[in-house]
Amino acid sequence: MALSRLSSAGVPWETAGQYQEECPCLTDDKFMQVTNLLLENPNLNSTHLFRADILQDSAKTLKTVIEKEQQCEYSNGAQHAEDGTVADSSPQTLEKAPQLDGATLTRKVLRRLIPRKPQLDSPLNQWCYVYDLLESPNIDKGQVVVYVPDVDSEADMPWYHPPIKSLAYCYKRTGNETTLSVHYLPFTRTTDPLPSRLHRTFISLLRTFLRLAKNPGPAQNQNGSHVQSNSINAATNQSMTPSALKDTILPQHVVQDTYSRLKQQYAQDLISRWAESTEPSKHVFEDLSIAAFVIELWKQMYTPDTFPGFVDIACGNGVLSYILIQEGYQGRGFDARRRKSWAVLGMNDHLDEMICVPQPFLDAASEDEGLQELMMRAQIYDGLFKPGTFVISNHADELTPWTPVLAALACPEHPLPFLAIPCCSHALSGAKHRYSPKDIITHNHAAAAAAASAKLNDQEEQPASGDLKTLRAAKVKAANHADDKSMYACLTRKVVALAEEIGFDVELTLMRIPSTRNIGIVGNRKRASTPRVTTDLDMQLETLSINTGDMTKKIHSLIERECTMSGGIQEAATTWIERAEKLQKGSGRGKVNLRGKQQA
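You'll find the protein chain entered in an unreviewed UniProt entry as tRNA (uracil-O(2)-)-methyltransferase, with Vermiconidia calcicola given as the organism. Under the UniProt heading Sequence similarities (unreviewed entry), the entry covering the protein chain gives this text: "Belongs to the TRM44 family." The annotation that UniProt attaches to the protein chain under Catalytic activity (unreviewed entry) is "uridine(44) in tRNA(Ser) + S-adenosyl-L-methionine = 2'-O-methyluridine(44) in tRNA(Ser) + S-adenosyl-L-homocysteine + H(+)".

Following this line, the structure appears as structure tokens:
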């Protein structure tokens, strides 16, 4: 190791030639943009970390965890300081800003590193200091970012953090030469060679920073937040990337903390008891992620004694329903085909094998012989859920465009809240159909936001193997073939447009799930929440919904229009029933073609 030109009170730091690279494309703005990105996302440097919670930022550039909660209108009852910092963080964490020679301290950030496996590693508070280098004959301009973990000795350091006292990125520009280098202060100076793991870590840190500098991600507003909004009406920019819709409804740390708990409690058991032919890791972790989101969503919507129940339409293997019921939430799920997992998980009393034929189709095909035969062989459900029920539509295939329609038909005066995560594209008749932009009637800007956020997640097929490595490769491929006319983008826009036409209050969010189909459409979250504060807008909406007959006519008019492409509602009903018959006879493709749910 060589002594660094960086020094504190005359004591030089350490570095090596391998930890320095010329980077002519790196600018002051990019350096700070990547620094901010890494401050919030240490997982980009270490797979052992989930995230970093910002506790304080003297520059008010990054939002603290409390400011993120306030942005999402989230409340957990904790007490925090008026400036948005975590109230109990400062007394327990002593500031350790080193005095760098030839540099001026300009910013202080306190963050908490959150490990991916909390049962193995503990969180770690870490101070991050930003310095401006003073001009000198050897430096025209430069900045240094120093990371100081809040530990007393090397023995106190978690395994995921390098065993050093301090780490620094040094960005310098002299003439036409721009360099980025990594420096460190050891706990104990020695002439022994640097451990290979630590050596690889320093090289990886340098390369990751330079890689991110080529594409540092979304820009930030003056207040430091990424360009995003939990208001769909504000999300009208067609160039919006999916990251703009991350954490718009719930703060990241809230969902991830619940996910960590659920994963620790259920993952190993679910994987060990996996009874399906598919690879378990993707399906288990995806359902755990969705469960974490839904649980935290319900905590904000309902009090423990007012939860109305849920219905999981197209429940598939039943894992999502199992987790939610185990967590104390009452509800039911059903699918057109019973799965082996139902019995293995002890869910036969909570899940039902039945076919959903929406009530409008039952009315239109009441004299259809095929319907009569189907009713002789299978249990039929009309899709009219109990008032107040929360509808979960996770990759519900044929029922995806029906989700807001069924939620409204079930209770026209107070349409049910729902979470829809679209996947495969179908018409209301159940037939496969690829929507185009001309098929979408936009009633406000929500559909445009849906397209902008869905287009980078589109691909025609999910990874065949279902493993996480294949999924990551699929996401890269999808990003390289972005198209706002894609099947997934248009399907997402279509569901949003249908919901808005009926009158739903629609919100979009990017689900943190291991799937390329990861746009969550949430309907009527705020209207269904309790306790409810009546606003002028609510009173107007109540007035509009008093006439249930008018709302029902509006819904049926929408259904008739959408069934025109299938030859009318009579033909669409016939197509739906024919597909259901093929499913019951076991013909057709191996996966479920038609799915539905029982009244919760």
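### Some details on the overall build of the protein chain
If you tally the helices and strands in the protein chain, you get 18 helices and 18 strands. Expressed as a percentage of the 600 residues in the protein chain, the buried residues total 54%. Taking the contacts inside the protein chain whose residues are at least 6 apart along the sequence as the reference set, 71% of them involve residues at least 24 apart.

### Overview of the nonpolar core
In this structure, Phe 385, Trp 402 and Ile 559 are the most contacted members of the largest nonpolar core, which totals 61 residues. Broken down by element, this core gets its largest block of residues, nine residues, from helix α14 (residues 487–502). By size, the runner-up hydrophobic cluster in this structure holds 48 residues, among which are Ile 114, Ile 295, Leu 324 and Ile 513.

### Considerations on helix α6 (residues 280–301)
Given 3.6 residues per helical turn, the α-helix brings residues three or four places apart onto the same face. Relative to the 32 Å expected for 22 residues at 1.5 Å per residue, α6 spans 31 Å between its end C-alpha atoms, a close match to the ideal helical length. Among the 22 residues in α6, 19 count as buried, and that is most of the element.

### Let's talk about the side chain of His 426
With respect to the secondary-structure elements, His 426 resides in the loop between β16 (418–421) and α12 (446–454). A polar contact of 3.1 Å, which involves the side chain of His 426, links it to the backbone oxygen of Gly 430.

### Re the pattern of salt bridges
For the structure on display, the rule yields 21 salt bridges. Residue Glu 286 is joined to Lys 282 by a salt bridge in which the shortest nitrogen-to-oxygen separation is 2.6 Å. Placement of both Glu 286 and Lys 282 in helix α6 is noted, with a separation of four residues, approximately one turn of the helix. With relative accessibility at 5%, the residue Glu 286 sits in the buried group. For Arg 561, the salt bridge identified is with Glu 562, shortest N-O distance 2.8 Å. Where salt bridges share partners, they join Lys 494, Glu 501, Arg 561 and Glu 562 into one cluster.

### Thoughts on the sheet that holds strand β15 (residues 390–394)
Sheet architecture is open: seven strands sit in the order β12-β11-β10-β15-β16-β18-β17, paired in mixed fashion. Where the open sheet ends on each side, the last strands, each with one partner, are β12 (351–353) and β17 (506–510). If you compare each strand with its neighbour and ignore which way they point, the axes differ by 20 degrees on average. Seen against the sheet, helix α7 (residues 319–326) touches β10 (310–313), β11 (331–335), β12 and β15 and runs at an angle of roughly 165 degrees to β10.

### Quick notes on α7
For α7, the buried fraction is high: seven of the eight residues fall into the buried class. Restricting attention to buried positions, one finds in α7 the residues Val 319, Leu 320, Ser 321, Tyr 322, Ile 323, Leu 324 and Ile 325. The secondary structure elements touched by the buried residues of α7 are α5 (252–272), α6, β10, β11, β12 and β15. Of the residues one or two after α7, Gly 328 is the one with positive phi, at around 100 degrees.

### Considering the packing of helix α11 (residues 403–410) against helix α17 (residues 548–562)
Two elements in contact, α11 and α17, have axes whose closest approach is 10 Å; the angle formed by their N-to-C orientations is 150 degrees. Considered as vectors, α11 and α17 are oriented roughly antiparallel to each other. Where α11 crosses over α17, the handedness of that crossing is left-handed. Contact residues: Val 405, Ala 408 and Leu 409 in α11; Ile 555, His 556, Leu 558 and Ile 559 in α17. Taken together, the residues of the contact of α11 with α17 sort by class into six nonpolar, one polar and no charged.

### Side note on the packing of helix α1 (residues 28–40) against helix α4 (residues 196–214)
Two numbers describe how α1 lies on α4: the axes approach to 9 Å, and their chain directions differ by 115 degrees. Two packed elements cross with a definite hand, and for α1 against α4 that hand is right-handed. Contacts between α1 and α4 pair Lys 30, Phe 31, Val 34, Thr 35, Leu 37 and Leu 38 from the former with Phe 209, Leu 212 and Ala 213 from the latter. Grouping the constituent residues of the contact of α1 with α4 by class yields seven nonpolar, one polar and one charged.

### Quick notes on the confidence of the model for the protein chain
Per-residue confidence for the protein chain gives a mean pLDDT of 82, with 78% of residues at or over 70. By mean pLDDT, the top-scoring element of the protein chain is α7 (98), and the lowest-scoring one is helix α3 (residues 89–92) (46). Across residues 78–91, confidence stays below pLDDT 50; counting only partners more than four residues off in sequence or on other chains, it has 21 contacts. Throughout residues 476–483 the model reports pLDDT below 50, and contacts reaching past four residues in sequence, or to other chains, amount to ten contacts.

### A word on the pairing of strand β7 (residues 141–149)
Among the nine residues of β7, eight are classified as buried, and the element is accordingly described as predominantly covered. Examined bridge by bridge, strand β6 (residues 124–133) and β7 share seven bridges and lie antiparallel to one another. In the sheet register, Cys 128 faces β7, and the bridge partner there is Tyr 147. Relative to strand β8 (residues 166–174), β7 runs antiparallel, the two being bridged by seven bridges. Note that in β8 the partner of Val 144 across the bridge is Cys 170.

### Observations regarding the side chain of Ser 529
Looking at the secondary structure, you find Ser 529 in the loop between α15 (525–528) and α16 (536–545). With relative accessibility at 14%, the residue Ser 529 sits in the buried group. A polar atom in the side chain of Ser 529 sits 2.7 Å from the backbone oxygen of Arg 525. With sequence-adjacent residues up to four places away left out, Ser 529 is seen in contact with Gln 300 and Met 301.

### Quick look at the environment of Tyr 169
Inspection of the secondary structure puts Tyr 169 in strand β8. For Tyr 169 and Val 130, which are 39 residues apart along the polypeptide, the C-alpha to C-alpha distance reads 9.7 Å. Those residues in contact with Tyr 169 that lie beyond four places of it in its chain are Phe 31, Leu 38, Asn 45, Gln 143, Val 144, Val 145, Tyr 147, Ser 181, Val 182, Leu 205 and Phe 209.

About the cut-offs
- Residues numbered from 1 in each chain as written.
- Predicted model: local features only at pLDDT ≥ 70, side-chain atom pairs only at ≥ 80, totals over all residues.
- Heavy atoms only, no water.
- UniProt positions renumbered as here; feature names shortened; annotations may be inferred.
- Helix = DSSP H or I, 4+ residues; strand = E, 2+ residues; numbered from the N terminus.
- Buried < 20%, exposed > 50% of the residue type's maximum accessible area, 1.4 Å probe, protein only.
- Contact = heavy atoms within 4.5 Å.
- Core = buried A, V, L, I, M, F, W, Y, C linked by side-chain atoms within 4.5 Å.
- Expected span 1.5 Å × (residues − 1).
- Polar contact = N/O pair within 3.5 Å; in protein donor to acceptor, adjacent residues only side chain to side chain.
- Salt bridge = Lys/Arg side-chain N within 4 Å of Asp/Glu carboxyl O.
- Pairing = 2+ DSSP bridges.
- Axes fitted to C-alpha atoms, helices over the stretch in contact; angles between N-to-C directions.
- Parallel < 35°, antiparallel > 145°, perpendicular 65-115°, else oblique.
- Left-handed = near helix turned anticlockwise from the far one by under 90°.
- Nonpolar A, V, L, I, M, F, W, Y, C, P; charged D, E, K, R; others polar.
- pLDDT = per-residue confidence, 0-100.

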